[in-house]
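Listed here are the chains, written in short residue letters.
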Amino acid sequence: MKKIESVILSMVMIISLIAVAPESTEAAVIGKVTVSIEKLTIGQGLFGEPAQITIYSGDTVKSVIDRYMNTNSYNYLYSNVDGWYLTAVQNGDASGVANIPDVIANIPETFQLTYYGDDKLTHVRSYSAPSSNKNLGNKDTALGEGDYGVMSGWVFTVNNRAVFSGGTFNKEDGNPATDPTVRNLYKGADKVSVKNGDVIRVMFTVFGYGADVGIDTYADTGIKKISLADKTELLRTVSDINAKKSYWTVYPNVKSAYDQAVSVISSYNPSQSVIGSATTQLRNAMKSPQNPAVGAAKIYTAKNVKGSKIKITAYKMTGITGYQIRYGNNKKLKNKKKKKWKAVSVRTRKRIYTTKKIKNIKKKRTYVKIRAYRIVNGKYVYGKWTGVKKVKMKK
């Protein structure tokens, strides 16, 4: 009997432990990835600049895109047919004008779709690359599938590589109203895992279901890809700046290299050497950021006021935080106990400043000099000192 009671008691304890067990913790942070949204094939540069997105255990390209869009308050449409696909970005095409690069417009290959018509005969439709002057246009401000070309839509790469579904296009379609879509070729974004350091490029394609953004779809489309240089490292470096943009761009050399880098990633087909140079320049600038120049201050007036004090007025300056003032009873503005030399340094954000009482004045003469300063990321950066100005003391 006691044995049975002991077993029952043990079971109750186990059930109690289960009942009070805490809920599973949230997924662990495993790093960051870089995400960009690009409209280079229609000559509209970037829709979303490279940004760092925190990722958690179990994240996929889909969840990363969701997080990126929500962080930036972008509205978008998607489909879950055969996996998750981005189908349109709202307000992604405010201009409604496509400036399609000539290298795309001049693709010689065509895509052919064979289908059976209502007349029960076999028909073949051929699609050639669109151009700036010859394309389907866009009926609204959203940018999505079917805009500017029948083979258009959003595709993505991870570290400059596309992930294919393993399926192929059905080029014999019994329904002539149904065209093959981008989603037929690529693995759904919800099925592609991500890891720390990945660079995800979400790109709009107008021809070849990605052949125009450097993805090899030849086996499915018969269209040769355009060989584009790899921007992965440059995108990752730009995202490092964007993560702390106000910090980094205050440095002139970083700002200049950053602007050049953004120009390169916004270009459809820069060379690998141009991309590499932009990457190197930006990284080097980040390693050795140069403080912004602080202009030379000038003293407008320096007058004696009652109480053996000096009232200093500086000329107005822009782009500075304030002024440093050094004043005292000796021309060298130094401190020496034996000679009773006394000098004081103060910082003020005001252009007009009155000193404290100056002691041990000799021959009714005091001295002052100033320089401007600027606080750059918590550090003081100074301009040049003015010459020492003599002030006669009468009060």
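Before reading on, note that the structure itself is shown above.
If you're wondering where the values come from, they're calculated on a predicted model, not measured in any experiment.

About the thresholds
- Residues numbered from 1 in each chain as written.
- Predicted model: local features only at pLDDT ≥ 70, side-chain atom pairs only at ≥ 80, totals over all residues.
- Heavy atoms only, no water.
- Pairing = 2+ DSSP bridges.
- Helix = DSSP H or I, 4+ residues; strand = E, 2+ residues; numbered from the N terminus.
- Salt bridge = Lys/Arg side-chain N within 4 Å of Asp/Glu carboxyl O.
- Buried < 20%, exposed > 50% of the residue type's maximum accessible area, 1.4 Å probe, protein only.
- Patch = residues over 30% accessible without salt bridge, like charges linked within 9 Å, V, L, I, M, F, W, Y side chains within 5 Å.
- Areas by Shrake-Rupley, 256 points an atom, 1.4 Å probe, with all protein chains shown as cover.
- Lys, Arg positive; Asp, Glu negative; His and termini not counted.
- Charge placed at Lys NZ, Arg CZ, Asp CG, Glu CD.
- Core = buried A, V, L, I, M, F, W, Y, C linked by side-chain atoms within 4.5 Å.
- Contact = heavy atoms within 4.5 Å.
- Axes fitted to C-alpha atoms, helices over the stretch in contact; angles between N-to-C directions.
- Parallel < 35°, antiparallel > 145°, perpendicular 65-115°, else oblique.
- Left-handed = near helix turned anticlockwise from the far one by under 90°.

### Regarding the sheet that holds strand β7 (residues 143-144)
As summarised here, the arrangement of the three strands in space is β3-β4-β7, forming an open sheet in which the pairing is antiparallel. What marks the edges here is a single partner per strand, and that holds for β3 (76-79) and β7.

### Points about the pattern of salt bridges
Two side chains with opposite charge may pair up if their charged atoms get near one another. Going through the model one piece at a time under the given rule, you end up with eight salt bridges. Linking Glu38 and Arg201 is a salt bridge whose minimum nitrogen-to-oxygen distance equals 2.8 Å. Of the two residues, Glu38 sits in strand β1 (residues 29-38) while Arg201 sits in strand β10 (residues 199-205), which places them 163 residues apart along the sequence. You can call Arg201 buried: its relative accessible area is 7%.

### A word on a positive patch on the surface
Positive charge collects at one region of the surface, where Lys331, Lys363, Arg365, Lys390, Lys392, Lys394 and Lys395 lie side by side. Its place among the elements puts Lys390 in strand β18 (residues 389-392). In this structure Lys390 comes out as partly exposed when scored by relative accessible area, which is 44%.

### Thoughts on the nonpolar core
Ranked by size, the top nonpolar core spans 53 residues in total, and within it Val33, Val61, Val64, Met69, Leu86, Trp154 and Ile200 carry the most contacts. Those elements giving two or more residues to this core turn out to be β1, β2 (46-56), α2 (61-71), β4 (85-89), β5 (111-116), β8 (153-158) and β10. If we ignore the near neighbours within four places in the chain, the residues touching Ile200 are Val33, Thr34, Val35, Ser36, Val61, Val64, Thr157, Val158 and Val194. In this structure, Ile265, Ile310, Ile312 and Val346 belong to the second largest nonpolar core, which totals 40 residues.

### Side note on the packing of helix α7 (residues 252-265) against helix α8 (residues 272-287)
Where α7 contacts α8, the two axes come as close as 9 Å, and the packing angle between them is 155°. Considering their axes alone, α7 and α8 lie roughly antiparallel with respect to each other. Our pair here, α7 against α8, has a crossing hand that is left-handed. Between α7, through Asn253, Val254, Ala257, Tyr258, Ala261 and Val264, and α8, the contact on the second element is made entirely by Val274, Ile275, Ala278, Gln281, Leu282, Ala285 and Met286.

### Some remarks on the pairing of β1
Taken across its 10 residues, β1 has seven buried, putting it largely inside the fold. Direction of pairing for β1 relative to β2: antiparallel, over a ladder of eight bridges. Within β2, the position partnered with Lys32 by the bridge is Thr54. Sheet analysis places β1 next to β10, joined by five bridges and oriented parallel.

### Points about the sheet that holds β8
Ordered in space as β2-β1-β10-β8, the four strands form an open sheet in which the pairing is mixed. Of all strands in the sheet, those bounded by a partner on one side alone are β2 and β8. Strand-to-strand twist of the sheet, defined as the mean angle between neighbouring strand axes without regard to direction, takes the value 20°. In the sheet, β8 pairs with β10 via six bridges, with the strands oriented antiparallel. When the bridges of β10 are listed, Gly153 appears paired with Thr205. Lying on the sheet, α2 is in contact with β1, β2, β8 and β10; it crosses β2 at an angle near 120°.

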